[in-house]
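# Descriptive analysis of the structure
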Amino acid sequence: MDKLVIEGGIKLKGEVTISGAKNAVLPILAATLLTDDACSIKGVPDLRDTNTMLKILRSLGKNADMEKGIVDVSSAKACGYVADYKLVSTMRASFCVLGPLLGKLKKAKVSLPGGCIIGVRPVDLHIKGIKALGAQVDIDSGYIIAKADTLKGAHIYLGGMYGSSVLATDNVMMAAVLAKGKTIIESAACEPEVEDLAVFLNKMGAKIKGHGTPLIEIEGVRHLHGAAHTVIPDRIEAGTIAIAALITQGDITIKNMLPQHLGAVIDKLEESGASFVRAHGALRVRRKRQLNAVNVTTLPYPGFPTDMQAQVMALMGVTPGISVITEKIYPDRFMHVAELNRMGAAIQREGPHAIVEGKKWLSGAPVMASDLRASASLVLAGLAARGKTAISRIYHLERGYENIEEKLQKLGARIWRQKE
Ligand code: UD1
């Protein structure tokens, strides 16, 4: 297994181009199951998670190959309806094949994804949504088995204990596009990745309105056809790079990004002392002044994303003052706290809050990545720290950041891979 070694203390400078959004591409690839026609998806990041989704599509009877960021999907044989535990257990997002399989075949058997390091992660909203469309749902031997003679449009409230759900909205939307009649999803997730999925579904012939808002209306159609689509840029990768500029006191121009998807992050970082200058679709990020501590609360979109919580915590770890970071989506998503503290940060967890006392500097140390965004926070801390940081279990990072070492190296970082 590889580890990532970073010699910190370099101010990152230059330009970086953001890859396609992982959380948009995964359900979009799953949506190709809704048609037997060929589909072409562009801007696909070469990530462990995208490759897992391609394996799932192949296991369900599709040809699905990636070349230079383009995935062409076509039907090799009749579409299967069983998504196996071996594949689903490696990536939670595989659960989003449930909606398209049920929509297209009126039956689906998909392994339950289980919890993960960031918390319990239930699927009650997914089940509630497909049941409302008329599916009969059983759980057997770790699989969810859903079937229906016909799916019928329904009025579905999809809000849960922690607000809306991204993948439940995706799943219900994909099941409803081929249902009879009209479906209304209330308290739908508004994340740009959900919107991008709806744009792709509409290109396939679906009739979806209101995507990007909490009220989505879907008029069921009989048939979907093939379509081509370019995936939106990854707002979380862009946000992570913005923090890399700030934490290293650097100056980075981020290309291929949509600043409107990062409103809450930009606003918070500006409050802390960052300068963002927009020009020709790019965003230049640097410090306007010495940063100050800010409080951050994660919320569903358009609030501050939980997927940026660990990264902003690394930044607050070296920013003078006290910052309170409150996690409202996954109250247990704090695995990075202990690792950041190993590097000299002073972070105390109190239930869903982390109280961060900014230090003058962090010191490089051997640390362990526990999940995708926690890994990103350790990379950021390592870039800012004095001395050498060695991050093990970097396969987590490979799930969501395409060519991250090369991108950081181009900005001047001393970062390399080493065999454990
Ligand atoms: C997606 C993202 C993930 C991000 C998360 C929250 C993908 C592939 N992943 O995950 O990167 O961190 O959104 O923005 O897009 N919940 C329920 N019942 C359910 C489903 C969810 O209570 O049936 C809860 C979850 O436990 C969590 C909250 O709802 O507390 C939001 O989760 P959700 O939006 O579903 O996350 P994912 O779609 O799995």
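Definitions and limits used
Residues numbered from 1 in each chain as written. Predicted model: local features only at pLDDT ≥ 70, side-chain atom pairs only at ≥ 80, totals over all residues. Heavy atoms only, no water. Axes fitted to C-alpha atoms, helices over the stretch in contact; angles between N-to-C directions. Helix = DSSP H or I, 4+ residues; strand = E, 2+ residues; numbered from the N terminus. Parallel < 35°, antiparallel > 145°, perpendicular 65-115°, else oblique. Left-handed = near helix turned anticlockwise from the far one by under 90°. Contact = heavy atoms within 4.5 Å. Nonpolar A, V, L, I, M, F, W, Y, C, P; charged D, E, K, R; others polar. 1 Å grid on protein atoms, 1.4 Å probe; cavity = no way out; pocket = protein on both sides within 12 Å on 5 of 7 lines; lining within 4 Å. Points joined across faces, edges and corners; volume = space filled by probe spheres on them. Near = heavy atom within 4 Å. Polar contact = N/O pair within 3.5 Å; in protein donor to acceptor, adjacent residues only side chain to side chain. Areas by Shrake-Rupley, 256 points an atom, 1.4 Å probe, with all protein chains shown as cover. Domains from an automatic or database assignment. Pairing = 2+ DSSP bridges. Core = buried A, V, L, I, M, F, W, Y, C linked by side-chain atoms within 4.5 Å. Buried < 20%, exposed > 50% of the residue type's maximum accessible area, 1.4 Å probe, protein only. Salt bridge = Lys/Arg side-chain N within 4 Å of Asp/Glu carboxyl O.

So, on to the packing of helix H10 (residues 309-317) against helix H11 (residues 335-342). At a minimum axis distance of 11 Å, the contact between H10 and H11 shows a crossing angle of 25 degrees. When the axis of H10 is compared with that of H11, the two are roughly parallel. Crossing handedness for the pair H10 and H11: right-handed. Where H10 approaches H11, its residues Gln309, Ala310, Met313 and Ala314 are matched on the opposing element by His336, Val337 and Leu340. Split into classes, the residues belonging to the contact of H10 with H11 amount to five nonpolar, two polar and no charged.

Of the voids in this model, the second largest pocket is the one considered here, and its volume is about 340 Å³. Around the second largest pocket sit 19 residues that line it, and Ile247, Gln249, Arg287, Lys360 and Ala384 are the ones nearest its centre. Its residues assigned to classes, the lining of the second largest pocket shows nine nonpolar, five polar and five charged.

The next thing to look at is the site of the ligand. Close contacts around the ligand come from 19 residues, with Asp124, Leu125, Ser165, Asp307 and Ile329 the closest. For the ligand, a nitrogen atom lies 2.7 Å from a polar atom in the side chain of Asp124. In the environment of the ligand, an oxygen atom lies 2.5 Å from a nitrogen or oxygen atom belonging to the side chain of Ser165. Protein chains shield 91% of the accessible area of the ligand, which is 730 Å² for the free molecule. When contributions to the shell around the ligand are tallied by element, the ones reaching two or more residues are helix H5 (124-132) and helix H6 (166-176). A total of three residues in the shell around the ligand trace back to one element, the largest contributor, which is H5. Classifying every residue of the shell around the ligand by side-chain character gives nine nonpolar, five polar and five charged. A domain-level breakdown of the shell around the ligand finds at least three residues from each of domain 1 (2-19 + 233-419) and domain 2 (22-230).

Below, the discussion takes up the sheet that holds strand S5 (residues 70-75). Within a beta sheet, neighbouring strands are joined by backbone hydrogen bonds and run either parallel or antiparallel to one another. Spatially, the four strands line up as an open sheet ordered S4-S5-S3-S14, and their pairing is mixed. Each edge of the sheet is formed by a strand with only one pairing partner; in this case those strands are strand S4 (62-67) and strand S14 (228-230). Averaged over all pairs of adjacent strands, the angle between strand axes in this sheet comes to 15 degrees, irrespective of strand direction. Relative to S14, strand S3 (residues 39-42) runs parallel, the two sharing three bridges. Looking at S14, one finds that Lys42 is bridged to Thr230. Set on the sheet, helix H1 (residues 22-31) makes contact with S3, S5 and S14; between it and S3 the angle comes to about 175 degrees. In the packing of helix H7 (residues 192-203) onto the sheet, contacts are made with S3 and S14, and the angle to S14 comes to roughly 160 degrees.

Let us look at the nonpolar core. Soluble globular proteins tend to pack their nonpolar side chains together in the buried interior. Counting residues in hydrophobic clusters, the biggest one holds 77 residues, and the most contacted among them are Val110, Met173 and Leu201. With 66 residues, the next largest nonpolar core counts Ala244, Ile254, Ile347 and Ala376 among its residues.

So, about the side chain of Ser111. Secondary-structure assignment places Ser111 in strand S7 (residues 107-111). Taking the relative accessible area as the measure of exposure, Ser111 reaches 0% and is therefore buried. Sequence-distant contacts of Ser111, defined by excluding residues within four places in its chain, comprise Ala83, Asp84, Tyr85, Val88, Phe95, Gly142 and Tyr143.

One pass over the structure, following the stated rule, counts 18 salt bridges. We note a salt bridge from Glu398 to Arg48, for which the minimum N-O separation is 3.0 Å. With Glu398 in helix H13 (residues 395-398) and Arg48 in helix H2 (residues 48-59), this residue pair connects regions lying 350 residues apart in the sequence. The partly exposed category is assigned to Glu398, whose relative accessible area is 23%. Notably, a salt bridge pairs Asp251 with Arg284, separated by 2.7 Å at the nearest N-O pair. Pair noted here: Asp251 is in strand S15 (residues 251-255) and Arg284 is in strand S17 (residues 282-287), with a separation of 33 residues, a long-range link. Overall, Arg284 belongs to the partly exposed group, its relative accessible area being 33%. Through salt bridges with shared partners, a single ionic network connects Asp2, Arg48, Glu398, Glu405, Arg417 and Lys419.

Time to look at the domain arrangement of the protein. The domains assigned to the protein are domain 1 (2-19 + 233-419) and domain 2 (22-230). For domain 1 and domain 2, the distance between their C-alpha centroids amounts to 30 Å. With 24 residues of domain 1 in contact, the opposing surface of domain 2 contributes 17 residues. One can count three salt bridges joining domain 1 with domain 2. For Arg235, the salt bridge identified is with Glu193, shortest N-O distance 2.8 Å. Linking domain 1 with domain 2 are six residue pairs in polar contact (both at pLDDT 80 or more). Elements represented by at least two residues in the side of domain 1 that touches domain 2 include exactly helix H12 (372-384) and H13. By residue class, the composition of the side of domain 1 that touches domain 2 is nine nonpolar, four polar and eleven charged.

A few words now on empty space enclosed by the protein. Counted according to the given criterion, the structure contains two cavities of 30 Å³ or more. Around the largest cavity sit Thr240, Ile241, Ala244, Ala376, Val379, Leu380, Leu383, Leu397, Tyr401, Ile404 and Leu408, which together line it. The set of elements that each furnish at least two residues to the lining of the largest cavity consists of helix H8 (235-247), H12 and helix H14 (404-410). Per-element accounting of the lining of the largest cavity gives the leading share, four residues, to H12. Residue composition of the lining of the largest cavity, by class: ten nonpolar, one polar and no charged.

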